[in-house]
Amino acid sequence: MKTGIQHLYIPGPTNVPEAVRQAMMVPMQDHRAPDFGDLGLGLFRDLKTLFKTEAGKVMIFPGSGTAAWEAAITNTLNPGDRVLMARHGQFSHLWIEMAKRLGLDVQVVDLAWGAGTPINEFARILGNDRHGEIKAVFVTHNETATGVTSDVALVRRAMDDCFHDALLFVDGVSSIGSIDFRMDEWGVDLAVTGSQKGLMLPPGLGILGVSPKAIAASVSNRMPRAYHDFADMLRMNETGYFPYTPPIGLLHGLRRALDRMMDEGFENVFARHHRLAKGVRAAVQAWGLDMGAEHPSLYSDTVTAIRTPQGVDAREVIKIAYDRYSCSLGSGLGPLAGKVFRIGHLGDLNEGMCMTALSIAELAMAAAGVQVRFGSGVAAAQTVYAEPVARAVQRLHAAE
Ligand SMILES: *Cc1c(COP(=O)(O)O)cnc(C)c1O
């Protein structure tokens, strides 16, 4: 028998605010009713603000982030198209595997898990692609497996520098809604996210930003798709409706989640994530442990991967946290299994929750055999969180 709160500090699904949970508990309604379209229209409008796109459209598919990955590919590319992708973590790996299954000719740049998108290597490859054989460049904005955020603007610049007109696909599943994302400014053609991360909802929605260029590509491409067809979706979305029964409860939850984020202010949401992440990183530093990200410029504001010392199985840390302290920490994925555990710090989160995660991590690490001084990480985070919020936000804005 477990008592108290079951703590959830994984990078998705994230904690759903009580108000959002309640907003989803609606009596079922007619999704063809004359006034139902108002809900959809409002969601599309506010998602566009979040994605920072005026020129593009944002579509909501039933499914998860993986469904939106697939929709992005099948609507805009052709079988056999050459695409450029980097593998530096489990999510970039899975997107590569999907692209291969869908019949794309994937040029993979393999990197250490912990690296960011290889801007220079991409620039070199694109520069040498004189005949424009590469039809799309894929970027994992935030590699959730390693806690690495890459610079999408630099990828866009590399493409522009050699006048390359490939489509730019970006996986923003664990960034959009938590880390600043600028679809139009960065020239992103397909921007993928899901409901269960920064948007603080249960899983069930795959959300996709599409540029006018991506929509144009979808008119002439030849990859089969039916359920995720852009044309059907866009036609119905025009008036706020969907081509099939949408997940009505989740749409109401999304409405409430966006309202909460807009009350806080999207920029303040991003600043809060940065501040909370800084506290977690200060703790890891105080523990003397290495992070998954191989350079500080790559540190993610939504998830931190922590490498356990030689001889300590990270799975043991996770198991102890779960069994003894009712706390879910993220596991090491793929080749990182047993080598890292992860703290997800995104969504509906505050300082107290981060300190809870850190103090439980200290207990679990100590029990698993890590030399850790109790309170050292928590104290380091407290030092960060003691700084008044207003000043931290001001400093963040000044730094931009
Ligand atoms: C969670 C996640 C996904 C997709 O996952 P689903 O389980 O299909 O929602 C894709 N990419 C990244 C970076 C993620 O963090």
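**Considering the domain arrangement of the protein chain**
And then number 1: The domains assigned to the protein chain are domain 1 (7–12 + 265–399) and domain 2 (18–263).
And then number 2: For domain 1 versus domain 2, the separation of C-alpha centres amounts to 27 Å.
And then number 3: Of all residues in domain 1, the largest losses of buried area upon contact with domain 2 belong to Phe266, Phe270 and Leu298, amounting jointly to 27% of the total for that side.
And then number 4: At the boundary of domain 1 with domain 2, the tally comes to two salt bridges.
And then number 5: Between Lys52 and Glu267 there is a salt bridge; the shortest N-O distance is 3.0 Å.
And then number 6: The interface formed by domain 1 and domain 2 includes twelve residue pairs in polar contact (both at pLDDT 80 or more).
And then number 7: Mapped onto the side of domain 1 that touches domain 2, the elements with two or more residues apiece are α10 (266–287) and β11 (303–307).
And then number 8: The greatest single-element share of the side of domain 1 that touches domain 2, amounting to five residues, is contributed by α10.

**Let's talk about the pairing of strand β9 (residues 190–194)**
And then number 1: Here β9 lies mainly inside the structure; five of its five residues are buried.
And then number 2: Taking every second residue as pointing to the same face, both faces of β9 are buried, with Leu190, Val192 and Gly194 on one and Ala191 and Thr193 on the other.
And then number 3: Here three bridges tie strand β8 (residues 167–171) to β9, and the two strands are oriented parallel to one another. What sits directly across from Phe169, in β9, is Leu190.

**Some remarks on the pattern of salt bridges**
And then number 1: Summed over all chains, the structure comprises 22 salt bridges.
And then number 2: With a closest N to O distance of 2.7 Å, Arg255 and Asp46 form a salt bridge. Taken as a pair, Arg255 in helix α9 (residues 248–264) and Asp46 in helix α2 (residues 37–51) lie far apart in primary sequence, 209 residues in all.
And then number 3: For Arg255, a relative accessible area of 16% corresponds to the buried category.
And then number 4: Among the salt bridges present, the one from Arg156 reaches Asp160, with a minimum N-O distance of 2.9 Å.

**Let's talk about the nonpolar core**
And then number 1: In this structure, Leu50, Ile73, Leu77, Val137, Phe169 and Leu208 are the most contacted members of the largest nonpolar core, which totals 85 residues.
And then number 2: Top contributing element to this core by residue count: α9, with seven residues.
And then number 3: The residues that make up this core include at least three from each of domain 1 (7–12 + 265–399) and domain 2 (18–263).
And then number 4: When sequence neighbours within four positions are dropped, the list of residues in contact with Ile73 reads Trp95, Met98, Ala99, Leu102, Leu104, Phe138, Phe169 and Met223.
And then number 5: Residues Ala283, Cys327, Ala364 and Tyr385 belong to the second largest nonpolar core, which totals 36 residues.

**Overview of the environment of Gly344**
And then number 1: Note on placement: Gly344 falls in strand β13 (residues 340–344).
And then number 2: In this structure the C-alpha to C-alpha distance between Gly344 and Leu258, which are 86 residues apart in sequence, comes to 20 Å.
And then number 3: When residues no more than four places from it in sequence are discounted, the contact partners of Gly344 are Tyr9, Ile10, Pro11, Thr302 and Val303.

Calculation notes
Residues numbered from 1 in each chain as written. Predicted model: local features only at pLDDT ≥ 70, side-chain atom pairs only at ≥ 80, totals over all residues. Heavy atoms only, no water. Domains from an automatic or database assignment. Buried area = accessible area lost by both parts, 1.4 Å probe. Salt bridge = Lys/Arg side-chain N within 4 Å of Asp/Glu carboxyl O. Polar contact = N/O pair within 3.5 Å; in protein donor to acceptor, adjacent residues only side chain to side chain. Helix = DSSP H or I, 4+ residues; strand = E, 2+ residues; numbered from the N terminus. Buried < 20%, exposed > 50% of the residue type's maximum accessible area, 1.4 Å probe, protein only. Pairing = 2+ DSSP bridges. Core = buried A, V, L, I, M, F, W, Y, C linked by side-chain atoms within 4.5 Å. Contact = heavy atoms within 4.5 Å.

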